[in-house]
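# Analysis of the macromolecular model
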Amino acid sequence: MFELLADAASLAFTIENVIGVLIGLMLGATLGAIPGLNGTMAIALIVPLTYFWQPLFSIALLMGCWKGSIYGGSITAILLNTPGTPEAAATAIDGFPLQQKGQGRKALHMALFASVVGAIISDVLLLGASGPISTLALKFGPAELAMLILFSLVLVAGTGGESHLKGLISTMLGILIAVVGLDPMTAQRRMTFDILELDGGFDLLAMLIGLLVLSEIINQIWEGGARDDYAGDAPKGLDRSRLTFAEIKDSAGVIFRSSMIGSFCGALPGVGAITAAFLGYDQARMSSPTPEKFGKGELRGVAAPEAANNAVCGSALIPLVTLGIPGSLSVAVIMGAFMVHGVSPGPMLMIEHRELVYALFLLLLLSDILLPLVALPLVAVGQRLVAIPKKYLFPVIVVLCGTGAYSTHQSLFDVKVMVGFAILGFVMKRFQLSPAALLIAFILAPMAEIYIRQALRISRGELSVFVASPLAGGFALATVALFGWSYYRGRRASRQSAHARSAE
Amino acid sequence: MGDDQKNGSSRHPTDMSGGRDKDLAVAVASLAFGFLVLAVLIPQSIGPIGSNTTILALIGAVGLVVFGAVLGLAAYRVRPVGGDSPKTDASGDAVRKSGKVQAVGLVIGAVIYAWALEWIGFLPASYLTLAGLLLLMGVRSVLIVLVLPVVVLLAIYLGIDVGLGASLPEGRLEWPFLTQSGAIGTEHFHV
């Protein structure tokens, strides 16, 4: 293990990679701090540029960007009560009251400290757990892998949108879009309509940018227009409050527990940083001897969600690198970046490129350690940074979207694909469908198809192969149970809603 | 996909918070598209139903039909809530209306941009799009409308073309003032 880590360290800790991490942190924290942009959008915009760079440098930059954006979201959450990213929504509950009390700087420093600790704990878990899990994953046959992917798709669909059924419809749409292109085994054209550019299927990055970035901008403008209201109640100036050692000591237990909650949430496909942040906040409030202080400017109310949402990052890579399954949208975008650089996540990656995978983990750890270097100056200029009105920001991002979609393959067809998926993503959002579920289905469906066809070939067409082994049967049972549970939960929510309305 | 969750809330399709009509629309569209794939697209664009190459499309299409039907039934069984007329807020309505106009304008602008790139090239198309969108978003300063696109495009040009060595499209019209200088490089559009 130590030998492996030493090899990985020599691969990871080069000047270029450290610079990559720093640039990524700066970009991520800056973009994450701007309300209306989130980490996933930031990564999606940067991925096409990395196509021209060395894989490890690019991945270092993207890892830094991911980590930076999660912290960046907390800056506006605390200073302006406007979470820069959805993950930072829970941070605003106590962060902004602290700012109103003149302790915004202290809250930002606590958020930074909790973010770094949470992220480091999660990354250490990633280092320890990914090896054994990938060894176990190697024992999976095609049928088990197909059922595992099916289970993941149902899980992700259930939590991705506002209703499970609509999540499943989005998933099915993603599966159908994945069919477009050449058959992976026979190279037969499928739903390409004689358009040569579609032989390779829709370009993932063009889809990513369209579905996640441009559609989000259209949606935000649709809902409120690109007005000047970037900030809300902007404070007049930064205070000089300082975080004390006693306050850190007081929050240590909360930070540790929230880090464990975040790590657990990250490792589960479909449960992301937002859920983790609110769970972390809830446990901090419930375990506090003074829960009434929460919501009114409690420092532990800042530490808990920040530790939890940052702890999601490391553990979220466990299902990706061990099973090839992206458990969240951000990880799906990271997976897209890996694929652009010819790296296919999954159990074989851990065998064939073990040093590379551990180098990636170390880069993640490095980005945690370097985060304060970037974040502390950012805190000082935070207020000016976030005050970019959307009316200037959005037009620039539209052109950046076009540039990003074009530059990867230098194809104008990809720009049209990007615009098409932006319109699709916008329509989906208006109808409460989940573009994220569509995207993850699009990524996983080709893998599922290969495994299904391999399993059917091995079993000579017998469908029972998908429930024959205990593992495959277990995944099938879990999938059915998940269907049942989410349907029951939806029915109950519906009845409660109906009762509440009739009572009114 | 917790990243996309709104504070962990979950809404059933039959929840009556004004989503019934949307649910029915999604159900109808899902059923229609599912049947279209099953009846037309798979036989004509993939192969005979049942062959190995159609497995993925079959899963997707059957899933659309089944989940669309369940969603439709669930939404249909919910009685629409009457009585309460939505509260009107004149200033809010005006903002929402202008937002919708801007959003539609942005979509139209993005579509035109995608085609303009092919014809007039990256720099002119991006300049016009950026200036047009700034005006659409309500920027009234002539200086900003004229200068901001130049700054942004210069940064993109230096980053992409000079920095990364990736040529930006010059368009089918091949503007002499761009091509003679050799600044834009070779064209890369698909015919």
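Structure: above.
This one's a predicted model, so the numbers in the text were calculated from it and none came from an experiment.

## A look at the overall build of chain A
Secondary structure summary: chain A contains 20 helices and 2 strands in total. Long-range pairs, those at least 24 residues apart, make up 79% of the contacts in chain A between residues at least 6 apart in sequence. For chain A, the accessible surface area stands at approximately 18000 Å², while carbon and sulfur atoms represent 65% of it.

## Remarks on the packing of helix H4 (residues 55-80) of chain A against helix H5 (residues 89-100) of chain A
All names here are of chain A. One can describe the packing of H4 onto H5 by two numbers: an axis separation of 6 Å at closest approach and a directional angle of 50 degrees. Of the possible angle classes, the one that applies to H4 and H5 is oblique. Within the contact between the two elements, H4 uses Ser74, Ala77, Ile78, Leu79 and Leu80 and H5 uses Thr91, Ala92, Gly95, Phe96 and Gln99. When the residues that make up the contact of H4 with H5 are grouped by side-chain class, the tally is 6 nonpolar, 4 polar and no charged.

## Here we look at helix H11 (residues 273-287) of chain A
All names here are of chain A. For H11, which comprises 15 residues, the first-to-last C-alpha distance of 21 Å matches the rise-based estimate of 21 Å (1.5 Å per residue) to within 8%. Taken residue by residue, H11 has Ala273, Ile274, Thr275, Ala276, Ala277, Gly280, Tyr281, Gln283 and Ala284 as its buried positions. In this structure, the buried side of H11 is in contact with H5, helix H10 (245-267) and helix H12 (300-323).

## What to know about the nonpolar core
All names here are of chain A. Counting 198 residues, the largest nonpolar core has Trp66 and Val213 as its most contacted members. The greatest single-element share of this core, amounting to 16 residues, is contributed by helix H15 (residues 354-386). Contact partners of Trp66, with chain neighbours within four places excluded, come to Ile43, Cys313, Ala316, Leu317, Ser330, Val331 and Ile334.

## Points about a nonpolar patch on the surface
Residue and element names in this part refer to chain B. Judged by side-chain polarity, Val142, Leu143, Leu146, Val147 and Val151 come together as a nonpolar surface patch covering roughly 470 Å² of accessible area. One can find Leu143 in helix H5 (residues 142-163). On the accessibility criterion, Leu143 (62% relative accessible area) is exposed.

## Details of the side chain of Glu118 of chain B
Position of Glu118 of chain B relative to the elements: it lies in helix H3 (residues 90-120). Taking relative accessible area as the criterion, Glu118 of chain B reaches 6% and is therefore assigned buried.

## So, H5 of chain A
All names here are of chain A. For H5, built from 12 residues, the straight-helix expectation of 16 Å at 1.5 Å per residue is met to within 8% by its first-to-last C-alpha distance of 17 Å. For H5, the tally of buried residues reaches 9 of 12 residues, placing the bulk of the element in the interior. Of all the positions in H5, only Ala90, Thr91, Ala92, Asp94, Gly95, Phe96, Pro97, Leu98 and Gln99 are classed as buried. For H5, the secondary structure elements touched by its buried residues are H4, helix H6 (104-137), H11 and H12. Gly102 sits one or two positions beyond H5 and adopts a positive phi of about 85 degrees.

## Thoughts on unusual backbone geometry
All names here are of chain A. Even without being a glycine, Met191 presents a positive backbone phi close to 50 degrees. By secondary structure assignment, the location of Met191 is in the loop between strand S2 (189-190) and helix H9 (204-224). Among the residues examined, Met191 registers a relative accessible area of 6% and is labelled buried. Although it is not a glycine, Asp194 adopts a positive phi angle of roughly 60 degrees. With relative accessibility at 74%, the residue Asp194 sits in the exposed group.

## A short note on the environment of Thr322 of chain A
Residue and element names in this part refer to chain A. With respect to the helices and strands, the residue Thr322 is situated in helix H12. With a relative accessible area of 0%, Thr322 lands in the buried category. On a C-alpha basis, the gap between Thr322 and Ala137 in space is 6.8 Å, while along the polypeptide they are 185 residues apart. The contacts of Thr322, once residues within four sequence positions are left out, are Ser130, Ile133, Ser134, Ala137, Gly346 and Pro347. In terms of polar contacts, Thr322 uses its side chain to reach the backbone carbonyl oxygen of Ile318, at 2.5 Å.

## Brief notes about the pattern of salt bridges
The final tally for this structure, using the stated rule, is 15 salt bridges over all chains. A salt bridge links Lys106 of chain A to Glu247 of chain A; its shortest N-O distance comes to 2.7 Å. With Lys106 of chain A in helix H6 and Glu247 of chain A in helix H10, this pair connects stretches of sequence that are 141 residues apart. Exposure remark for Glu247 of chain A: the relative accessible area of 21% places this residue in the partly exposed category. In this structure, the salt-bridge partner of Glu118 of chain B is Lys416 of chain A, at a minimum N-O distance of 2.6 Å. Of this pair, Glu118 of chain B sits in helix H3 while Lys416 of chain A sits in helix H17 (residues 412-430), each in a different chain. Through salt bridges that share partners, Asp183, Arg190, Glu449 and Arg453 of chain A make up one connected network.

Cut-offs used in this document
- Residues numbered from 1 in each chain as written.
- Chains lettered and ligands numbered in written order.
- Predicted model: local features only at pLDDT ≥ 70, side-chain atom pairs only at ≥ 80, totals over all residues.
- Heavy atoms only, no water.
- Helix = DSSP H or I, 4+ residues; strand = E, 2+ residues; numbered from the N terminus.
- Contact = heavy atoms within 4.5 Å.
- Areas by Shrake-Rupley, 256 points an atom, 1.4 Å probe, with all protein chains shown as cover.
- Axes fitted to C-alpha atoms, helices over the stretch in contact; angles between N-to-C directions.
- Parallel < 35°, antiparallel > 145°, perpendicular 65-115°, else oblique.
- Nonpolar A, V, L, I, M, F, W, Y, C, P; charged D, E, K, R; others polar.
- Expected span 1.5 Å × (residues − 1).
- Buried < 20%, exposed > 50% of the residue type's maximum accessible area, 1.4 Å probe, protein only.
- Core = buried A, V, L, I, M, F, W, Y, C linked by side-chain atoms within 4.5 Å.
- Patch = residues over 30% accessible without salt bridge, like charges linked within 9 Å, V, L, I, M, F, W, Y side chains within 5 Å.
- Salt bridge = Lys/Arg side-chain N within 4 Å of Asp/Glu carboxyl O.
- Polar contact = N/O pair within 3.5 Å; in protein donor to acceptor, adjacent residues only side chain to side chain.

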